[in-house]
Amino acid sequence: MSEPEIRETRAENLRETAWLSVAAIVVFVLLLLSVLADVGGRVSHLVVTRENWLDVLNAFLIALLVNLPTLILLGVLTDFSDLFKRTGEGEVFTQRNLRTLRNAGSGLIWAAAASALIVPNVLRWIELKGGGGFLWQANDLALGVAAMGIAILGLSHVFAEGIRIKTESDQIV
């Protein structure tokens, strides 16, 4: 294969990742609709008056808290969508993509922590008005999301090495 043919094959392979950007956006929209439906379901039955506006605000904030892991995942999906879009355009081993990859890995870990630790403990604290000890509600999904976040952070170190090698190669040429 000649050098131009190799470049075209690489460009084709990278363009194929662009559809993942669209897939991430579709999942983003579905998750966002799910959050909106849940928040609406928790708040829509309340009518705001002068007397109960604090209760309505409280219900809204609790609904956001319950959906915190999903809201974090929305940010992660945005990161992945951006990463796949740039990769599909041929931008691969860059510092920007490395930061995006690390943000996504960290976001997955935060989403797992929110699901297993933050949300259950804050809800219990609200319910018991400041007491109640410490809860650990890790399930298979939360642990799996944390494991994916750790794996992506690990891959980001490999990615960083790829950037270093690319930079050295570009300096030689």
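To keep things clear, this report deals only with the structure shown in the data block. Each chain has its residues counted from 1, following the order in which its sequence is written. Residue-level local features of this predicted model are given only where pLDDT is at least 70; pairs of side-chain atoms are given and counted only at 80 or more, and the full residue set underlies all totals for whole chains, interfaces and linings. Hydrogens and waters are ignored; side-chain quantities use all the structure's heavy atoms.

**Description of a nonpolar patch on the surface**
Phase 1: Side chains of V22, I25, V26, V29, L30, L32, L33 and L36 sit close together on the surface and give an oily, nonpolar patch of about 700 Å² of accessible area.
Phase 2: Following the sequence through the fold, V29 ends up in helix 2 (residues 18-43).
Phase 3: We call a residue buried when its accessible area falls under 20% of the maximum for its residue type, exposed when it is over 50%, and partly exposed in between, using a 1.4 Å probe and counting protein chains only. On the basis of relative accessible area, V29 is assigned to the partly exposed category, the value being 41%. Distance thresholds for patches are 9 Å for like charges and 5 Å for nonpolar side chains (Val, Leu, Ile, Met, Phe, Trp, Tyr), applied to residues having over 30% relative accessible area and no salt bridge. Under the convention used here, a 1.4 Å probe and the Shrake-Rupley method define accessible areas, while residue burial counts only the protein chains that appear. The term salt bridge refers to a side-chain nitrogen of Lys or Arg lying within 4 Å of a carboxyl oxygen of Asp or Glu. Segments assigned H or I by DSSP are reported as helices when at least four residues long, segments assigned E as strands when at least two residues long, and all are numbered from the N terminus.

**Description of the packing of aromatic side chains**
Phase 1: Ring pairs are drawn from Phe, Tyr and Trp, using the six-membered ring of Trp, whenever the two centres fall within 6.5 Å, and their geometry is named by plane angle: stacked under 30 degrees, edge-to-face over 60, tilted for the rest. Counted by the stated rule, this structure contains 2 aromatic pairs.
Phase 2: Ring plane angle 15° and centroid distance 5.9 Å describe the contact between F80 and F84, whose orientation is recorded as stacked. One end of the pair, F80, and the other, F84, are both in helix 4 (residues 68-88), 4 residues apart, so they sit about a helical turn from each other.
Phase 3: Here F80 falls in the buried class, since its relative accessible area comes to 16%.

**Describing the side chain of N67**
Phase 1: Looking at the secondary structure, you find N67 in the loop between helix 3 (53-66) and helix 4.
Phase 2: Contacts are assigned to residue pairs that have any heavy atoms within 4.5 Å of one another. Not counting residues up to four positions away in its chain, the partners in contact with N67 are V35, D38 and V39.

**With respect to the packing of helix 5 (residues 95-127) against helix 6 (residues 140-172)**
The angle between the axes and the distance between the axes are what describe a pair of packed helices.
Phase 1: Between helix 5 and helix 6, the least distance of the axes is 8 Å, while the angle of their chain directions is 165°. Between helix 5 and helix 6, the angle is such that the two are roughly antiparallel. Considering the relative orientation of helix 5 and helix 6, their crossing is left-handed.
Phase 2: Split by residue class, the contact of helix 5 with helix 6 holds 18 nonpolar, 8 polar and 1 charged. A fitted line through C-alpha atoms represents every axis, and for helices the fit uses only the stretch in contact; the resulting angles, taken between N-to-C directions, go from 0 to 180 degrees. Small angles under 35 degrees read as roughly parallel and large ones over 145 as roughly antiparallel, with 65 to 115 read as roughly perpendicular and the rest as oblique. Left-handed is the label given to a crossing in which the near helix is rotated counterclockwise from the far helix by less than a right angle, and right-handed is the label when the rotation is clockwise. For this classification, Asp, Glu, Lys and Arg are treated as charged, while Ala, Val, Leu, Ile, Met, Phe, Trp, Tyr, Cys and Pro are nonpolar and the rest, including Gly, are polar.

**Regarding the packing of helix 3 against helix 5**
Phase 1: The geometry of helix 3 relative to helix 5 is characterised by a closest axis approach of 10 Å and an angle of 155° between their N-to-C directions. Comparing their axes, helix 5 and helix 3 come out roughly antiparallel. Residue-level inspection shows I62, L65 and V66 of helix 3 in contact with helix 5, the latter providing V119, V122, L123 and I126.
Phase 2: Looking at the contact of helix 3 with helix 5, its residues break down into 7 nonpolar, no polar and no charged.

**Digging into helix 3**
Phase 1: For helix 3, built from 14 residues, the straight-helix expectation of 20 Å at 1.5 Å per residue is met to within 8% by its first-to-last C-alpha distance of 20 Å.
Phase 2: Listed as buried for helix 3 are V56, A59, A63 and L65.
Phase 3: Of the surrounding elements, those touching the buried residues of helix 3 are helix 2, helix 4 and helix 5. Multiplying one less than the number of residues by 1.5 Å gives the expected span of a helix.

**Notes on the pattern of salt bridges**
Phase 1: Tallied over the full model, the rule gives 6 salt bridges.
Phase 2: Linking R164 and E168 is a salt bridge whose minimum nitrogen-to-oxygen distance equals 2.4 Å. Taken together, the residues R164 and E168, both in helix 6 and 4 residues apart, mark about one turn of the helix.
Phase 3: A relative accessible area of 39% places R164 in the partly exposed class.
Phase 4: With a shortest N-O distance of 3.0 Å, D170 and K166 are connected by a salt bridge.

**Some points on the nonpolar core**
A general tendency of soluble globular proteins is for nonpolar side chains to be buried together.
Phase 1: V76, F80, L101, L108, V145, I152 and F159 are the most contacted members of the largest nonpolar core, which totals 14 residues.
Phase 2: Elements represented by at least two residues in this core include exactly helix 4, helix 5 and helix 6.
Phase 3: Considering every element that reaches this core, the biggest residue donor is helix 5, with 6 residues.
Phase 4: Beyond its immediate stretch of four places on either side in the chain, V145 contacts L108, A111 and A112.
Phase 5: With 6 residues, the next largest nonpolar core counts V35, V43, V56 and A59 among its residues. We call a set of buried Ala, Val, Leu, Ile, Met, Phe, Trp, Tyr and Cys residues a nonpolar core when their side-chain atoms join them within 4.5 Å.

Everything listed here is a matter of geometry and, on its own, says nothing about what the molecule does.
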